[in-house]
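Secondary and tertiary structure notes
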Amino acid sequence: MSLCRSQFFFMKNTSVLKACGKDASNLVKFTLHSSNINNINNNISNNDINSSTLNFIRSIFTKDLDSNNNINNSIKSSSNEIILNSKILKNPLLNLQNQKINSNNNKSNNKNLSNLSQRRNFSSLNNKILQEIASTQSQQSIKLPKSSWPINSHKGVAYLCIGTSILVFAIVILGGLTRLTESGLSITEWKPVTGALPPMTQEDWELEFAKYKESPEFKQLNSHINLDEFKFIYSMEWSHRLLGRFIGLVFVLPSLYFIARKKVSKKVAFRLLGVCSLIGFQGFLGWWMVYSGLDEKLLEERRSKPTVSQYRLTAHLGAAFLVYCAMISTELVLVY
């Protein structure tokens, strides 16, 4: 009977609580259920209801209690929000502060959007510029023909330059010894090719000695020397000339090979051709210097004893140093 009364009471009061909303009715339902549990327990203990029935009824009401706890928490959170909104409406200062905060947030968002747009515009401009540069470079690459000369030169050219520069240094020293021994005028002819071979027989030596006897140096200075002494001064001048021929062959032929096969850059090719021309010019200067001491007319004009012109000697020595420096500079260009 008590259970029927509690249900009748709940049905009667729910019509009143509908205005408060669904959540309020649930809250009332929760309170009614809690009171009904106690009443049911008392009635069950008085009427001696079965224990299984008691457990079933308790499980139903505990489930209702859990659901009602969740409803209560949601009601509290919603009520807190309503209280805060009411405070903001009552206090205009809080409302102004919130409006300022919202305006500041909107401004910062607008600035970020403008910065992003500017960056996108800048990146688009950069892309356009890069595309134009690439197009112009491609047009230039199409217009300009590719060079057949390599960018880097063969390493053998560097070894060639350093080796022949040592030989040039050696020939300068040998030329100084030839000058000191007064052997420069012992060979009276200039034969770049056939003069590479020395006299092989006794007759050849006597023929060369006879040519030397006709020179002004023998007539005025060395009329007392014999064939053996002549062989010494002849060998000094011949070795000097032979070393000059050897330097020309060692440098000129490999240089022409590297240039013809295009194993060097265009700049290095011009350098090698310049050094080759200097070597040939050096050979001409050597004979031009010797001829100044063999021609009697030139000696009379200079009023000098039979010796080479000091000016031509300086030119010959200066050209040797120029060849040496050109080889060293070419080697440094290739290495560095």
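Refer to the structure printed above.
Summary of the structure given here. Fair warning: this is a prediction, and the values are worked out from it, not measured in the lab.

1. Points about the packing of helix H5 (residues 155–180) against helix H11 (residues 310–335)
It is at 8 Å that the axes of H5 and H11 come closest, and there the two elements cross at 160 degrees. Classed by the angle they form, the pair H5 and H11 counts as roughly antiparallel. Crossing handedness for the pair H5 and H11: left-handed. Residue-level contacts link Val 157, Ala 158, Cys 161, Ile 162, Thr 164, Ser 165, Val 168, Phe 169, Val 172 and Arg 179 of H5 to Leu 313, Leu 317, Ala 320, Phe 321, Val 323, Tyr 324, Met 327, Ile 328, Thr 330, Glu 331, Leu 334 and Val 335 of H11.

2. Digging into the pattern of salt bridges
Throughout the structure, instances matching the rule amount to 3 salt bridges. Note that Lys 191 and Glu 189 form a salt bridge whose closest N and O atoms lie 3.1 Å from each other. Relative accessible area serves as the criterion here: at 36%, Lys 191 is assigned to the partly exposed category. Between Glu 189 and Lys 211 there is a salt bridge; the shortest N-O distance is 3.1 Å. Remark: Lys 211 occurs in helix H6 (residues 202–213) and Glu 189 occurs in the loop between H5 and H6; sequence separation between them is 22 residues. Among the residues examined, Glu 189 registers a relative accessible area of 29% and is labelled partly exposed.

3. What to know about unusual backbone geometry
With the exception of glycine, most residues fall at negative phi, and the peptide bonds are largely trans. Positive phi outside glycine occurs at Glu 182, with the angle close to 55 degrees. Within the element layout of this structure, Glu 182 appears in the loop between H5 and H6. Unlike most non-glycine residues, Arg 303 shows phi in positive territory, near 55 degrees. Position of Arg 303 relative to the elements: it lies in the loop between helix H10 (296–302) and H11.

4. Here's the deal with H11
Compared with the 38 Å implied by 1.5 Å per residue over 26 residues, the 38 Å span of H11 between its first and last C-alpha is a close match. The inward-facing, buried residues of H11 contact H5, helix H8 (227–260), helix H9 (266–294) and H10.

5. Notes on H6
For H6, which comprises 12 residues, the first-to-last C-alpha distance of 17 Å matches the rise-based estimate of 16 Å (1.5 Å per residue) to within 8%. Buried within H6 are the following residues: Trp 205, Glu 208, Phe 209 and Tyr 212. Seen end-on, H6 carries its buried residues on one side only, within an arc spanning 100 degrees. Each element contacted by the buried residues of H6 is listed here: helix H7 (216–220) and H8.

6. Comments concerning a nonpolar patch on the surface
Together, Leu 249, Leu 253, Leu 256, Phe 270 and Leu 273 give the surface a local cluster of nonpolar side chains, amounting to about 510 Å² of exposed area. Mapped onto the nonpolar patch, the elements with two or more residues apiece are H8 and H9. Of note, Leu 256 is situated in helix H8. The exposure class assigned to Leu 256 is partly exposed, which follows from its relative accessible area of 42%.

Parameters at a glance
- Residues numbered from 1 in each chain as written.
- Predicted model: local features only at pLDDT ≥ 70, side-chain atom pairs only at ≥ 80, totals over all residues.
- Heavy atoms only, no water.
- Axes fitted to C-alpha atoms, helices over the stretch in contact; angles between N-to-C directions.
- Helix = DSSP H or I, 4+ residues; strand = E, 2+ residues; numbered from the N terminus.
- Parallel < 35°, antiparallel > 145°, perpendicular 65-115°, else oblique.
- Left-handed = near helix turned anticlockwise from the far one by under 90°.
- Contact = heavy atoms within 4.5 Å.
- Salt bridge = Lys/Arg side-chain N within 4 Å of Asp/Glu carboxyl O.
- Buried < 20%, exposed > 50% of the residue type's maximum accessible area, 1.4 Å probe, protein only.
- Expected span 1.5 Å × (residues − 1).
- Arc of directions from axis to C-beta.
- Patch = residues over 30% accessible without salt bridge, like charges linked within 9 Å, V, L, I, M, F, W, Y side chains within 5 Å.
- Areas by Shrake-Rupley, 256 points an atom, 1.4 Å probe, with all protein chains shown as cover.

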